[in-house]
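Given next are the chains, with one letter for each unit.
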Amino acid sequence: MKIVQLRPVILSALIILVTACGDGDGSEPVQIRHLSPEKKKPRVLYVDSYHTEYQWTGSIMDGLFGALGVKRTESGEPSEGSGAVILKAVHMDTKRNSSEEFKIQAGERVRDMIESWEPDLVICSDDNAAKYLIAPYYLNSEIPFLFCGINHDASEYGFPASNVTGILEIHNAPELVSYLKDYARGQRIAYLAGENLSSRKIGYSVQQQLGGELMQVYVESYREWKEQYVRLQDRADILLLETVQYLPDWDGNLRALEWFVMEYGHIPTGAWDDTLSTVVLVTVERMGEEQGEWVGNTALRILKGEAEVSDIPVAKGNRTALHLNMMLARKMNIVFPMDLIDIAHLSNELDRVKKVLYVNSYHKGYIWSDDIEKGFIKALSRSDFPIDLQIIRMDTKNNPELSFIEAKALELKDYISDWNPDIVIGSDDDFVKYLLEPYYRDKEIPFVFCGVNWDASEYGLPYSNATGMLEVDPMEENVEILSSISRGKRVGLLGRDAYYIRKIAKYSEEQTGVRFDLVLLVNSFSQWKDAYLRMQKDVDILILSSPVGLRNFDEEEALDFVYEHTVIPSAVTVDGEIQYALAGVSKIAEEQGWWAGGTALEILDGRPVPDIPITRNRETKTQLNMSLAREMGLIFSPELLEESLIWSQEGE
């Protein structure tokens, strides 16, 4: 594990719909027939049916850009001036916007771009570009078109045509089923996918390839997908799946999906999309790079005059990669033969390094938060998978100014965006109030909190992506011990003027039955001493909150002051501060860290965050300050001495 210091990171985000590659000093230009004198390079337009972040699109663009010698920017678009052609990329975005009206308008927008920019050749990926652009506007026109990513058959769009050819995307159903059938209890095969044009075409083709009955189930939502997945476990013997990423209520939580199939899946499953390689037993991945390389290389042949579009037959993609899910295989007691393992990619989440960020609201040297860290690291050490742990401290106890805390939270937000951890764990209220609630409420990244005082509902918790452990002080137990030696029943609370102390005052009576007759909140050591003296006269029992963070606080002077002026019995609820009080039934910091670390491991292993309810601390330990007891002339009962830990000053 490694620990790093937080450094502010400045990121700039740029979303690009269309990027032009202009003239530059890149590769030698292609010598194109009939190229006008003002053009140094031929113009090629790439029309993507979907969006840049969609993994299938990304893999096609990888192959295409490689074939054309075009570099990619950080946003994934063509880099200006690179390559042998001037390349523009436009994204129809019809995966995220699936209405018929949007698709028609997207086709019209690209048509208008073609008419104004006048490309020498157009490359289109996937069915929607074919259906809403080529077929209605450019079939048998003068502009050469190449397609890729069309599922199984292009004849419905009139392809091939005099100006249109391409490469089909093939889902090799017989190969996939051949890997699954030995582990199936029967021969019933089902296909589960989202309701859209591509999925319907794939389902029809799979049925044709298998030459038999295929139970086809199409769903409108991720919720319905999960319901049908469970239902088909008993109605089929082999289940073939399409990606869930484009379903409207997909939450992006792949680990939760992996947990779901580990819990409910018991028949062999297969897919053709590598994004499902940790969700199904076997994946025969179709290769987007192959599609992109074919259209890129074919485009160069056409632009150089080496071939006419009409002379190039429609090709079929045949390059695949095999993935075996070893975790799911172990769960189903399946042992793959070694000759299969030798040629496959093994999907085993236990082997992937998990990036874990731990945020401490306070500073190193503060005993309470240090002990939470200890418990957290101990829990994390039980992990079955490697962990890259980063620890960052907000230092808000030493710097309580609102401007400092908000600036630190923004630094952390930038750091999280840059490092992209798998999970974030944080201790105490400032972490939740200034980082989790304003920036990550109900987002994709999972959060676990601990050390939040008494109640979390004021922050709107729980969230869909956050759970945690509350920190409740054992007030009732402390008052019970001190009542046996106090002169009365009046209870006072003295602490730093901080938000979490006000929460103690607010929730103590409601949750523990202990009502404070006097609450004094201070900012400096001198104010603390004045308040301490007042408490000796105005209450009978004193609960001391941590003095850490008070201006000019001096530990040695504070101890001398307490020994000189204490009249009434006092208690602390943090075990590292027993030196300031007579007794202390203390909460245990390591319990918070241990629970948070164990919960983080469960979430990293796939357990959904909403399945983990917010809890509260339970463990305590009792300590007695014998040095202060002697100074006050008090004697504890034998029963209390027997069940307590004894503390005294060094040398006594």
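Just above, that's the structure.
(A) Structural context of the overall build of the protein chain. Looking only at helices and strands, the protein chain features 20 helices and 27 strands. Radius of gyration (C-alpha) of the protein chain: 33 Å, far over the 26 Å computed for a compact globule of 652 residues. If one aligns the C-alpha atoms of the protein chain with their principal axes, the spans along those axes are about 105 × 65 × 45 Å. A buried classification covers 58% of the 652 residues belonging to the protein chain. The long-range share in the protein chain, meaning contacts at least 24 apart out of those at least 6 apart in sequence, stands at 71%. When the accessible surface of the protein chain is split by element, carbon and sulfur atoms take 47% of a total near 28,400 Å².

(B) Geometry of the pairing of strand β9 (residues 238-241). Of the two faces of β9, the one lined by I238 and L240 and the one lined by L239 and L241 are each fully buried. Here strand β7 (residues 189-194) pairs with β9 via four bridges, running parallel. The partner of L192 across the bridge, within β9, is L241. As paired strands, β9 and strand β10 (residues 269-271) are joined by three bridges and run parallel to one another. For L240, the partnering residue across the bridge sits in β10 and is G270. The parallel pair β9 and β10 is bridged by helix α7 (residues 254-264), and the resulting crossover is right-handed.

(C) The arrangement of the pairing of strand β20 (residues 491-496) in detail. By the criterion of burial, β20 is predominantly enclosed, with six of the six residues buried. When β20 meets strand β21 (residues 518-522), the two strands line up parallel, connected through five bridges. Residue pairing for β21: L494 is matched across the bridge by L520. Considered for its hand, the β-α-β crossover made up of β20, helix α15 (residues 499-512) and β21 is right-handed.

(D) The arrangement of the side chain of S221 in detail. Among the structural elements, S221 can be located in the loop between β8 (215-219) and α6 (222-235). Overall, the relative accessible area of 12% leaves S221 in the buried class. Reaching out from S221, the side chain makes a polar contact with the backbone nitrogen of E224 at a distance of 3.0 Å.

(E) Summary view of the sheet that holds β9. A sheet is described by the order of its strands in space; here seven strands give the open sequence β8-β7-β9-β10-β11-β13-β14, paired in mixed fashion. The sheet terminates laterally at β8 and β14 (345-347), the two strands that pair on one side only. On average, each strand axis in the sheet is tilted by 25 degrees relative to the strand beside it, whichever way the strands run. Sheet topology note: the β10/strand β11 (residues 282-286) ladder contains two bridges and is parallel. Counted as the bridge partner of G270 is V282 from β11.

(F) Region of the structure containing the pattern of salt bridges. Per the stated rule, a full pass over the model turns up 25 salt bridges. Across the pair K503 and E458 runs a salt bridge, and its minimum N-O distance is 3.5 Å. Of this pair, K503 sits in helix α15 while E458 is found in the loop between β18 (447-453) and β19 (466-471), placing the two residues 45 residues apart along the sequence. The class for K503 is buried, based on a relative accessible area of 2%. The residue R490 makes a salt bridge to D540 at a minimum N-O spacing of 3.0 Å. Of the two residues, R490 sits in the loop between α14 (475-483) and β20 while D540 sits in the loop between α16 (525-538) and β22 (541-544), which places them 50 residues apart along the sequence.

(G) Inspection of unusual backbone geometry at higher detail. Cis geometry is adopted by the peptide bond preceding P160, which originates at F159 and carries an omega value of 0 degrees. Following the sequence through the fold, P160 ends up in the loop between β5 (145-151) and β6 (164-169). Non-glycine residue N140 carries a positive phi angle of around 60 degrees. The phi dihedral of N420 falls on the positive side, at around 55 degrees, and the residue is not glycine. Within the fold, N420 resides in the loop between α12 (402-419) and β17 (423-427).

(H) Representation of a negative patch on the surface in the model. Together, D554, E555, E556, D560 and E564 line one region of the surface with negative charge. Structurally, E564 can be placed in helix α17 (residues 555-565).

(I) Region of interest: the packing of aromatic side chains. Tallying each qualifying case throughout the model produces 22 aromatic pairs. Considering the side-chain rings of Y222 and W250, the 4.9 Å spacing of their centres and the 90 degrees angle between planes classify their relative orientation as edge-to-face. Separated by 28 residues along the polypeptide, Y222 in helix α6 and W250 in the loop between β9 and α7 bring together distant segments of the chain. Joined through ring pairs, the aromatic side chains of Y222, W225, Y229, W250, F260 and Y264 make up one cluster. K226 extends its terminal NZ or CZ atom over the ring of F260, reaching a point 5.8 Å from the ring centre. Its guanidinium or amino end placed over the ring of W594, R382 lies 4.6 Å from that ring's centre, counting from NZ or CZ.

Cut-off values and rules
Residues numbered from 1 in each chain as written. Predicted model: local features only at pLDDT ≥ 70, side-chain atom pairs only at ≥ 80, totals over all residues. Heavy atoms only, no water. Helix = DSSP H or I, 4+ residues; strand = E, 2+ residues; numbered from the N terminus. Rg over C-alpha atoms; globule rule 2.2 N^0.38 Å. Buried < 20%, exposed > 50% of the residue type's maximum accessible area, 1.4 Å probe, protein only. Contact = heavy atoms within 4.5 Å. Areas by Shrake-Rupley, 256 points an atom, 1.4 Å probe, with all protein chains shown as cover. Pairing = 2+ DSSP bridges. Right-handed = clockwise from strand over helix to strand, strands pointing away. Polar contact = N/O pair within 3.5 Å; in protein donor to acceptor, adjacent residues only side chain to side chain. Axes fitted to C-alpha atoms, helices over the stretch in contact; angles between N-to-C directions. Salt bridge = Lys/Arg side-chain N within 4 Å of Asp/Glu carboxyl O. Patch = residues over 30% accessible without salt bridge, like charges linked within 9 Å, V, L, I, M, F, W, Y side chains within 5 Å. Lys, Arg positive; Asp, Glu negative; His and termini not counted. Charge placed at Lys NZ, Arg CZ, Asp CG, Glu CD. Phe/Tyr/Trp six-rings, centres within 6.5 Å; stacked < 30°, edge-to-face > 60°. Lys NZ or Arg CZ within 6 Å of the ring centre and 35° of its normal.

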